[in-house]
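What the coordinates show
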Amino acid sequence: DAKTTQPPSMDCAEGRAANLPCNHSTISGNEYVYWYRQIHSQGPQYIIHGLKNNETNEMASLIITEDRKSSTLILPHATLRDTAVYYCIVGTQGGSEKLVFGKGMKLTVNP
Amino acid sequence: DTGVSQDPRHKITKRGQNVTFRCDPISEHNRLYWYRQTLGQGPEFLTYFQNEAQLEKSRLLSDRFSAERPKGSFSTLEIQRTEQGDSAMYLCASSHASPDTQYFGPGTRLTVL
């Protein structure tokens, strides 16, 4: 079973920041938070991951709370192409780790 | 990197037929994963290779399913005696051993009539 919970859906206006929440209250000390997204009929796309520090790359920022029980993925300027199902996943790094996906959260960016 | 590729992208077959899918990972990625995704659900892990060795198999991988990675490069997933319940998107991903971020291919959509 997935170790994360996400709201089923969220809307965002184009050009605004999209803040996608994720709860992972049972995360272990060596587990990372990974975010993937899946645009309709395509394979999942890696976005970002982090352990405890906030992370930023060209796609998004990841904010992890100090207790690591929740995190937020931030898309700073959402576009229509960001409409997708977003998956928050916890897992260790360096093992054989299979990704355990939940149902994810459908983000709809509206014009 | 050219990305993970999968072939075919779509496959329609009749119940009872055998099908085989191919995955070409990102070059130099020694790990390769297969997942299955049904409508409205997230992907579910099926099996995992490190080089040519199949190291883990999910209980979802029934006896009708077999996966190989003979030379540690491309992989094939075969389903024998397909059933309607096998209809799904079959996804392949690859990664280095470290860091082991997984990168997915576009998937093969199987429809069993």
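Residues numbered from 1 in each chain as written. Chains lettered and ligands numbered in written order. Predicted model: local features only at pLDDT ≥ 70, side-chain atom pairs only at ≥ 80, totals over all residues. Heavy atoms only, no water.

A word on unusual backbone geometry
Cis geometry marks the peptide bond from Asp7 of chain B to Pro8 of chain B; its omega dihedral reads -5 degrees. Along the chain, Pro8 of chain B falls in the loop between strand S1 (5-7) and strand S2 (10-13). Of note in this structure, Arg68 of chain A is not a glycine but carries a positive phi near 65 degrees. Note on placement: Arg68 of chain A falls in the loop between strand S6 (61-64) and strand S7 (70-75). Positive phi values are uncommon outside glycine, yet Arg81 of chain B reaches one of about 50 degrees. The residue Arg81 of chain B is located in the loop between strand S8 (75-79) and strand S9 (88-95) in this model. (Helix = DSSP H or I, 4+ residues; strand = E, 2+ residues; numbered from the N terminus.)

Section: the pairing of strand S4 (residues 45-50) of chain A
All names here are of chain A. Here S4 lies mainly inside the structure; five of its six residues are buried. By the bridge criterion, five bridges tie strand S3 (residues 31-38) to S4 in an arrangement that is antiparallel. Along S4, the bridge assignment pairs Val33 with Gly50. The turn linking S3 back onto S4 is made up of six residues, and Ser41 within it adopts a positive phi angle of 70 degrees. (Buried < 20%, exposed > 50% of the residue type's maximum accessible area, 1.4 Å probe, protein only. Pairing = 2+ DSSP bridges.)

So, the environment of Lys106 of chain A
Residues and elements named next belong to chain A. Inspection of the secondary structure puts Lys106 in strand S9 (residues 105-110). Here Lys106 falls in the partly exposed class, since its relative accessible area comes to 36%. Taking C-alpha positions, Lys106 is 14 Å from Gln42, a pair spaced 64 residues apart along the chain. With near-sequence residues (within four places) excluded, Lys106 lies in contact with Pro8, Ser9, Met10, Thr83, Ala84 and Val85. (Contact = heavy atoms within 4.5 Å.)

Some details on the packing of aromatic side chains
Each aromatic ring pair is described using two quantities: the centre-to-centre distance and the angle formed by the ring planes. Residue and element names in this part refer to chain B. Under the definition given, this model contains 14 aromatic pairs over all chains. Between Tyr35 and Phe104, the aromatic rings sit 5.3 Å apart at their centres with planes inclined by 50 degrees, giving tilted as the arrangement. Residue Tyr35 is found in strand S4 (residues 31-37), and its partner Phe104 is found in strand S10 (residues 103-104); the two are separated by 69 residues along the sequence. Look at Tyr35 and you get buried, because its relative accessible area is 0%. Looking at Phe104, the relative accessible area reads 11%, which means it is buried. (Phe/Tyr/Trp six-rings, centres within 6.5 Å; stacked < 30°, edge-to-face > 60°.)

Looking at the nonpolar core
Of all hydrophobic cores here, the largest spans 22 residues; its most connected members are Leu20, Trp35, Leu73, Tyr86 and Leu107 of chain A. For this core, the elements supplying multiple residues, two or more each, are strand S2 (18-23), S3, S4, S6, S7, strand S8 (84-92) and S9 of chain A. By residue number, the principal contributor to this core is S8 of chain A, which donates four residues. Ranked by size, the runner-up nonpolar core spans 19 residues in total, among them Val19, Ile26, Ile79 and Ala88 of chain B. (Core = buried A, V, L, I, M, F, W, Y, C linked by side-chain atoms within 4.5 Å.)

Here's the deal with the state of the cysteines
What the rule picks out here adds up to two disulfides over all chains. With a sulfur-sulfur separation of 2.1 Å, Cys22 of chain A is cross-linked through a disulfide to Cys88 of chain A. Disulfide Cys22 of chain A to Cys88 of chain A: torsion about the S-S bond roughly -85 degrees, handedness left-handed. Of this pair, Cys22 of chain A sits in strand S2 while Cys88 of chain A sits in strand S8, and the two are 66 residues apart along the sequence. The pair Cys22 of chain A / Cys88 of chain A is uniform in exposure class, with both members buried. Residue Cys23 of chain B pairs covalently with Cys92 of chain B via a disulfide, S to S 1.8 Å. Its torsion about the S-S bond being -65 degrees, the disulfide of Cys23 of chain B and Cys92 of chain B is classed as left-handed. Here Cys23 of chain B, found in strand S3 (residues 19-24), pairs with Cys92 of chain B, found in strand S9; they are 69 residues apart in sequence, far enough to count as distant. Both residues of the pair, Cys23 of chain B and Cys92 of chain B, belong to the buried class. (Disulfide = S-S within 2.5 Å.)

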